[in-house]
Amino acid sequence: MEHLRRTRRLLIDSDNLLGPRQVVATVHEHIGVIQELRKDAKAADRRDLAELQTQYGEFLSWLYQDLGDNEQAGFWLDRAFQWSHTVGDGELTSYVMARKAQLAGDMADLAEVVDLAEAAQRMARPRSRLAAVARTYEAYGHALRGDASESERAIDQVRDSLDGVAADPTPWGSWLNPAYVEVHRARGLEVLGRHDQAADAFAGAIRLLPDGYHRDRGVYMARQAVALAGARRPEEAAVAGGHALAVAEDTGSGRIFTELARLDQGLASWSRLSEVAEFRRTLNESLLHETEQDA
């Protein structure tokens, strides 16, 4: 079990740096190994293995989410949620519920995102880091629903709570920091149509991002580029999009390619600008290469 725990941590590091394609098959295999070990395990070991299986299931969901396969991401989150109840770890169950809210936000599921985030907060300890994580996803859900005041109120509450939750001993949501909250504020501003503010907020989040988050930096740059296009700053958008495309090619992140496809559409009316033309040509070549690899 300790080997499987260490391996999961290494796989998470590999995903951050190299993207999901490099690790998704290995995570599948390890879930199968854990399921086999559970068959003959004694009571305490069986519970520990179930907890580890839940963690691997949630991680596999994340990999599919980054690949852009939200159907598989939802499937594995549902499995992880089911497994978490057999463990009896309320924090783990609360974390998986928060992740379901995050996925609903990425899918722009207006009927689910706020409700799932609120459910995760009810399950979490009051004023805990997990409650703040879920509140962050709730903020984005309010923005998706066009409720700017509720979104801003939620983000402000999370910002105010960061110092208080820093010492929370839970292992879940340890990445909740000012950069992460700023990204979700920026995403909310973007869907609310406040493109200039969103672009500046994304830039601030990228500056705050710790080293080692290569793929996530690419996601944020792609979203910043979309905001810049919405703000009618096409040359800056094309440059940011080019940087994000390089990360997408390194990591195979479907989230980045999805944002860059939006950017391509947003820049269509400025195709005569040299920076825009170069970005759109490079993106087209990259997408053709991706299609050939998938085939």
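As the structure is a prediction and not an experimental result, all values here were calculated from the model.

**Here we look at the pattern of salt bridges**
Consideration 1: Following the criterion strictly, the structure yields 29 salt bridges and no others.
Consideration 2: When the shortest N-O distance is used, the salt bridge between Glu-51 and Arg-47 registers 3.7 Å. On the criterion of helical spacing, the pair formed by Glu-51 and Arg-47 is a turn pair, its members being 4 residues apart in helix 3 (residues 43-67).
Consideration 3: Residue Asp-168 pairs with Arg-125 through a salt bridge whose shortest N-O separation is 2.8 Å. In this pair, Asp-168 sits in the loop between helix 8 (148-165) and helix 9 (178-191) while Arg-125 sits in the loop between helix 6 (113-123) and helix 7 (129-144), placing the two residues 43 residues apart along the sequence.
Consideration 4: Overlapping salt bridges, with partners in common, bring together Asp-15, Asp-66, Arg-215, Asp-216 and Arg-255 in one network.

**Some thoughts on the environment of Asp-69**
Consideration 1: In this structure, Asp-69 sits in the loop between helix 3 and helix 4 (70-87).
Consideration 2: A relative accessible area of 31% means that Asp-69 is categorised as partly exposed.
Consideration 3: Separated by 99 residues in sequence, Asp-69 and Asp-168 place their C-alpha atoms 32 Å apart.

**Notes on the environment of Glu-58**
Consideration 1: For Glu-58, the location among the structural elements is in helix 3.
Consideration 2: On the basis of relative accessibility, which here comes to 7%, the residue Glu-58 falls in the buried class.
Consideration 3: Distance from Glu-58 to Leu-273, taken between C-alpha atoms, is 43 Å for residues 215 residues apart in sequence.
Consideration 4: Contacts of Glu-58, omitting those with residues within four sequence positions, involve Leu-77, Ala-80, Tyr-95 and Arg-99.

**Quick look at the packing of aromatic side chains**
Consideration 1: Counted according to the given criterion, the structure contains 6 aromatic pairs.
Consideration 2: With centroids separated by 5.0 Å and ring planes inclined at 20°, the aromatic side chains of Tyr-95 and Trp-172 adopt a geometry described as stacked. Placement of the pair is Tyr-95 in helix 5 (residues 90-106) and Trp-172 in the loop between helix 8 and helix 9, with a sequence separation of 77 residues. Of the two residues, Tyr-95 and Trp-172, both sit in the buried class.
Consideration 3: Seen in terms of ring centroids, Tyr-137 and Tyr-180 are 6.4 Å apart; in terms of plane orientation they differ by 75°. Their pairing is edge-to-face. Of the two residues, Tyr-137 sits in helix 7 while Tyr-180 sits in helix 9, which places them 43 residues apart along the sequence. In terms of burial, Tyr-137 and Tyr-180 fall into one category: buried.
Consideration 4: Aromatic ring contacts, followed pair by pair, group Tyr-95, Tyr-137, Trp-172, Trp-175 and Tyr-180 into a single cluster.
Consideration 5: A cation over a ring is seen here: Arg-187 above Tyr-140, with NZ or CZ 4.3 Å from the ring centre.

**What to know about the side chain of Asn-16**
Consideration 1: If you trace the backbone, Asn-16 turns up in helix 1 (residues 2-18).
Consideration 2: Other than its neighbours up to four places away in sequence, Asn-16 contacts Gly-212, Tyr-213, His-214 and Arg-215.

**Details of the packing of helix 3 against helix 5**
Consideration 1: Orientation of helix 3 relative to helix 5, taken along the N-to-C sense of each, is 10°, at an axis distance of 11 Å. Put simply, helix 3 runs roughly parallel to helix 5. For the pair helix 3 and helix 5, the contacting residues are Glu-51, Thr-54, Glu-58, Ser-61, Trp-62 and Gln-65 in the first and Leu-92, Tyr-95, Val-96, Arg-99, Gln-102, Leu-103 and Asp-106 in the second.
Consideration 2: Tallied by class, the residues present in the contact of helix 3 with helix 5 amount to 5 nonpolar, 4 polar and 4 charged.

**Concerning the nonpolar core**
Consideration 1: By size, the foremost hydrophobic cluster in this structure holds 90 residues, and its most contacted members are Leu-260, Leu-263 and Leu-267.
Consideration 2: In this view, Leu-260 contacts Ala-222, Gly-241, Ala-244, Leu-245, Phe-279 and Leu-283; residues no more than four positions away in its chain are not counted.

**Comments concerning the layout of surface pockets**
Consideration 1: Size it by volume and the largest pocket reaches roughly 980 Å³.
Consideration 2: Lining of the largest pocket is provided by 39 residues; of these, Ile-12, Asn-16, Tyr-95, Ser-174 and Trp-175 occupy positions nearest its centre.
Consideration 3: The set of elements that each furnish at least two residues to the lining of the largest pocket consists of helix 1, helix 3, helix 5, helix 9 and helix 11 (214-230).
Consideration 4: The element contributing the most residues to the lining of the largest pocket is helix 3, with 8 residues.
Consideration 5: In this structure, the second largest pocket spans a volume of roughly 380 Å³.
Consideration 6: Lining the second largest pocket are 19 residues; nearest its centre among them are Asp-106, Arg-187, Arg-223, Thr-258 and Glu-259.
Consideration 7: Put simply, the parts of the chain that give the lining of the second largest pocket at least two residues each are helix 5, helix 7, helix 9, helix 11 and helix 13 (254-266).
Consideration 8: Per-element accounting of the lining of the second largest pocket gives the leading share, 5 residues, to helix 13.
Consideration 9: Here the lining of the second largest pocket is composed, by residue class, of 6 nonpolar, 6 polar and 7 charged.

Rules of the game
Residues numbered from 1 in each chain as written. Predicted model: local features only at pLDDT ≥ 70, side-chain atom pairs only at ≥ 80, totals over all residues. Heavy atoms only, no water. Salt bridge = Lys/Arg side-chain N within 4 Å of Asp/Glu carboxyl O. Helix = DSSP H or I, 4+ residues; strand = E, 2+ residues; numbered from the N terminus. Buried < 20%, exposed > 50% of the residue type's maximum accessible area, 1.4 Å probe, protein only. Contact = heavy atoms within 4.5 Å. Phe/Tyr/Trp six-rings, centres within 6.5 Å; stacked < 30°, edge-to-face > 60°. Lys NZ or Arg CZ within 6 Å of the ring centre and 35° of its normal. Axes fitted to C-alpha atoms, helices over the stretch in contact; angles between N-to-C directions. Parallel < 35°, antiparallel > 145°, perpendicular 65-115°, else oblique. Nonpolar A, V, L, I, M, F, W, Y, C, P; charged D, E, K, R; others polar. Core = buried A, V, L, I, M, F, W, Y, C linked by side-chain atoms within 4.5 Å. 1 Å grid on protein atoms, 1.4 Å probe; cavity = no way out; pocket = protein on both sides within 12 Å on 5 of 7 lines; lining within 4 Å. Points joined across faces, edges and corners; volume = space filled by probe spheres on them.

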